[in-house]
Amino acid sequence: MANENQWCFAWMRRKPENEAERAALVKAAKWNAGDIITVSFLDGVPSIQQKVKRVAKSWVRPGMANLRLDFRSDNDTDIRISFRHSGSWSTLGTECRFVSRPQATMNYGWLDENSTDEELRRVVLHEFGHALG
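For clarity, every value in this text was computed on a predicted model and none was experimentally measured.

Asker: Can you break down the overall build of the chain residue by residue, with the values?
Answerer: Per the secondary structure count, the chain includes 3 helices and 6 strands. Taken from N to C terminus, the helices and strands of the chain fall in the order β-α-β-α-β-β-β-β-α. Burial analysis of the chain (133 residues in total) assigns 41% to the buried set. Expressed as a percentage of contacts within the chain between residues at least 6 apart in sequence, the contacts between residues at least 24 apart total 71%. Carbon and sulfur atoms make up 49% of the accessible area of the chain, which totals about 7900 Å².

Asker: An account of the nonpolar core is needed here, citing residue identities and associated values.
Answerer: One finds Val52, Ile79, Ile81, Tyr108, Val124 and Phe128 to be the most contacted residues of the largest nonpolar core, which totals 25 residues. Of all the elements in the fold, those that place two or more residues in this core are strand S2 (36-41), helix H2 (46-56), strand S3 (68-71), strand S4 (79-82), strand S6 (106-108) and helix H3 (117-132). Among the elements that line this core, the one with the most residues is H3, at 6 residues. For isoleucine 81, the residues in contact, after removing those within four places along its chain, are Val39, Ser40, Phe41, Leu42, Asp43, Val52, Met106, Tyr108 and Phe128.

Asker: Could you give an account of the packing of H2 against H3, with specific residues and numbers?
Answerer: Running from amino to carboxyl end, H2 crosses H3 at an angle of 60°, the nearest separation of the two axes being 9 Å. In terms of axis orientation, H2 runs oblique to H3. The handedness of the crossing between H2 and H3 is right-handed. Contacts from Ile48, Lys51, Val52, Val55 and Ala56 of H2 reach H3 at Asp117, Leu120, Arg121, Val124, Leu125 and Phe128. Taken together, the residues of the contact of H2 with H3 sort by class into 8 nonpolar, no polar and 3 charged.

Each value, and the rule that gives it
Residues numbered from 1 in each chain as written. Predicted model: local features only at pLDDT ≥ 70, side-chain atom pairs only at ≥ 80, totals over all residues. Heavy atoms only, no water. Helix = DSSP H or I, 4+ residues; strand = E, 2+ residues; numbered from the N terminus. Buried < 20%, exposed > 50% of the residue type's maximum accessible area, 1.4 Å probe, protein only. Contact = heavy atoms within 4.5 Å. Areas by Shrake-Rupley, 256 points an atom, 1.4 Å probe, with all protein chains shown as cover. Core = buried A, V, L, I, M, F, W, Y, C linked by side-chain atoms within 4.5 Å. Axes fitted to C-alpha atoms, helices over the stretch in contact; angles between N-to-C directions. Parallel < 35°, antiparallel > 145°, perpendicular 65-115°, else oblique. Left-handed = near helix turned anticlockwise from the far one by under 90°. Nonpolar A, V, L, I, M, F, W, Y, C, P; charged D, E, K, R; others polar.

By themselves, these observations are geometric and do not establish any function.
Pasting the structure below:
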């Protein structure tokens with residue numbers, strides 16, 4: 001199978017105990033309107049990092065999410081992106097704040113210099129969708 005290493009998951013700190021709590025946990029992970037979300041790269045090729053950054057910012061264009069992405073060079077950020085681990089995944093919303101630094105809160109395991117712009121856009125929009133809640 002061509003896509004056997006291309007999978008995604010989003011995760012939270014703990015499993016909800018019942019359906020009512022499940023909804024509350026997702027709501028608890030929501031960003032507030034106008035929040036500034038800090039983002040950094042833990043590793044990866046600079047040219048791919050720039051493409052990820054450009055695509056991610058399409059989430060916060062006028063008329064989209066009422067949030068701001070602030071890409072930084074240090075790793076003291078909310079979202080910390082890696083390309084080292086298997087699969088493609090992200091924490092949900094503000095759950096990234098509970099992940100110890102400098103651990104990744106988002107990963108793009110199969111994106112590299114051979115990835116098409118279409119594939120990169122699809123995967124980045126998907127994972128930032130999880131991260132933005």
